[in-house]
Amino acid sequence: DEVKIKDLTNSDTGVSISRTNGVPEGAKLYADTMATESVLESNPELKEELPGLLTVYQITVKDADGKTVEVKNNPMTVKIPMTDQLKGYKYYQAVYLGDPLERFDAVVEGDFLVFETDHLSQYAILGSNTPFETSEKPTDPAKPEQQGKPSEQIESPQTGDSSNLA
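Structural notes, computed from the coordinates.

Conventions adopted
Each chain has its residues counted from 1, running along the sequence as written. For this predicted model, a pLDDT threshold of at least 70 governs which residues receive local features, and a threshold of 80 or more governs which side-chain atom pairs are given and counted, while totals over whole chains, interfaces and linings are taken from all residues. As a rule here, side-chain values cover all heavy atoms of the structure and leave hydrogens and water aside. One requirement defines pairing of two strands: DSSP has to find at least two bridges between them. The secondary structure listing takes helices from DSSP runs of H or I that are at least 4 residues long and strands from runs of E that are at least 2 residues long, numbered from the N terminus. A contact between two residues is defined here by any heavy atoms of the two lying within 4.5 Å. Two aromatic rings from Phe, Tyr or Trp, using only the six-membered ring of Trp, form a pair when their centres are within 6.5 Å; if the ring planes differ by under 30 degrees the pair is stacked, by over 60 it is edge-to-face, and anything between is tilted. Charge-over-ring contacts are defined here by two conditions on Lys NZ or Arg CZ: a distance within 6 Å of the ring centre and an angle within 35 degrees of the ring normal. Throughout this description, buried means an accessible area under 20% of the type-specific maximum (1.4 Å probe, protein chains only), exposed means over 50%, and partly exposed covers the range between.

With six bridges connecting them, strand β6 (residues 76-81) and strand β9 (residues 112-117) associate as antiparallel partners. Bridge assignment links Ile 80 to a residue of β9, and that residue is Leu 113. Between strand β8 (residues 102-109) and β9, which pair antiparallel in sequence order, lie two residues; one of them, Gly 110, sits at a positive phi of approximately 65 degrees.

In structure tokens, the structure reads:
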């Protein structure tokens, strides 16, 4: 009986997801690439957030009636075929184009780029030969200043407190 839990594969693009409890029997996987230009045009702020953008996939599951199945909080493995467009990089990242963006490390396994996620929608695939900045905001230089200001404020009340104690 356990053989039923096969990957769902989209025959056109070869994208597959591991079957999870949130995916009903008879459901189909729809996975289409989207024009990166149109994605960036509608979300210009993403240009800086997505360095090395290779492609964007819209990945959805539809039930037997063609209705979109919301797959959320459902850990699954997504496999994307390594097309010529994707090949040739050392590091990959899959970025969930939600609000906020969520970044997933993607790993090459055989002919597939593989990443784990727990929901489906639009995913940008990034490629790079240097490791990705996983931190959302690289604002380290600013931190010491921010830390300095509150500590000054803390010092003045402390003097008041110590006098009260005395």
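After that view, the rundown keeps rolling.
Our focus in this paragraph is the environment of Ala 27. For Ala 27, the location among the structural elements is in the loop between β2 (16-17) and β3 (28-34). Taking the C-alpha atoms as reference, Ala 27 lies 8.2 Å from Leu 8; in sequence the two are 19 residues apart. Non-local contacts of Ala 27, meaning those with residues more than four positions away in its chain, are made with Leu 8, Val 61, Lys 62 and Asp 63.

A word on the packing of aromatic side chains. Inspection of every chain in the model, using the stated rule, returns five aromatic pairs. One aromatic cluster is present, formed by Tyr 96, Phe 104, Phe 115 and Tyr 123 through successive ring pairs. Seen from the ring of Tyr 30, Lys 62 lies directly overhead, with NZ or CZ sitting 4.7 Å from the centre.

Let us look at the environment of Tyr 96. Mapping Tyr 96 onto the fold places it in strand β7 (residues 91-96). Overall, Tyr 96 belongs to the buried group, its relative accessible area being 17%. As a C-alpha pair, Tyr 96 and Gln 122 span 26 residues in sequence and 6.1 Å in three-dimensional space. Those residues in contact with Tyr 96 that sit more than four places away from it in its chain are Leu 101, Glu 102, Phe 104, His 119, Leu 120, Ser 121, Gln 122 and Tyr 123.

This paragraph deals with unusual backbone geometry. For the peptide bond that leads from Asp 99 to Pro 100, omega is 5 degrees, which places it in the cis range. Relative to the elements of secondary structure, Pro 100 occurs in the loop between β7 and β8. Unusually for a residue other than glycine, Asn 73 sits at a positive phi of about 50 degrees. Relative to the helices and strands, Asn 73 is located in the loop between β5 (68-69) and β6.

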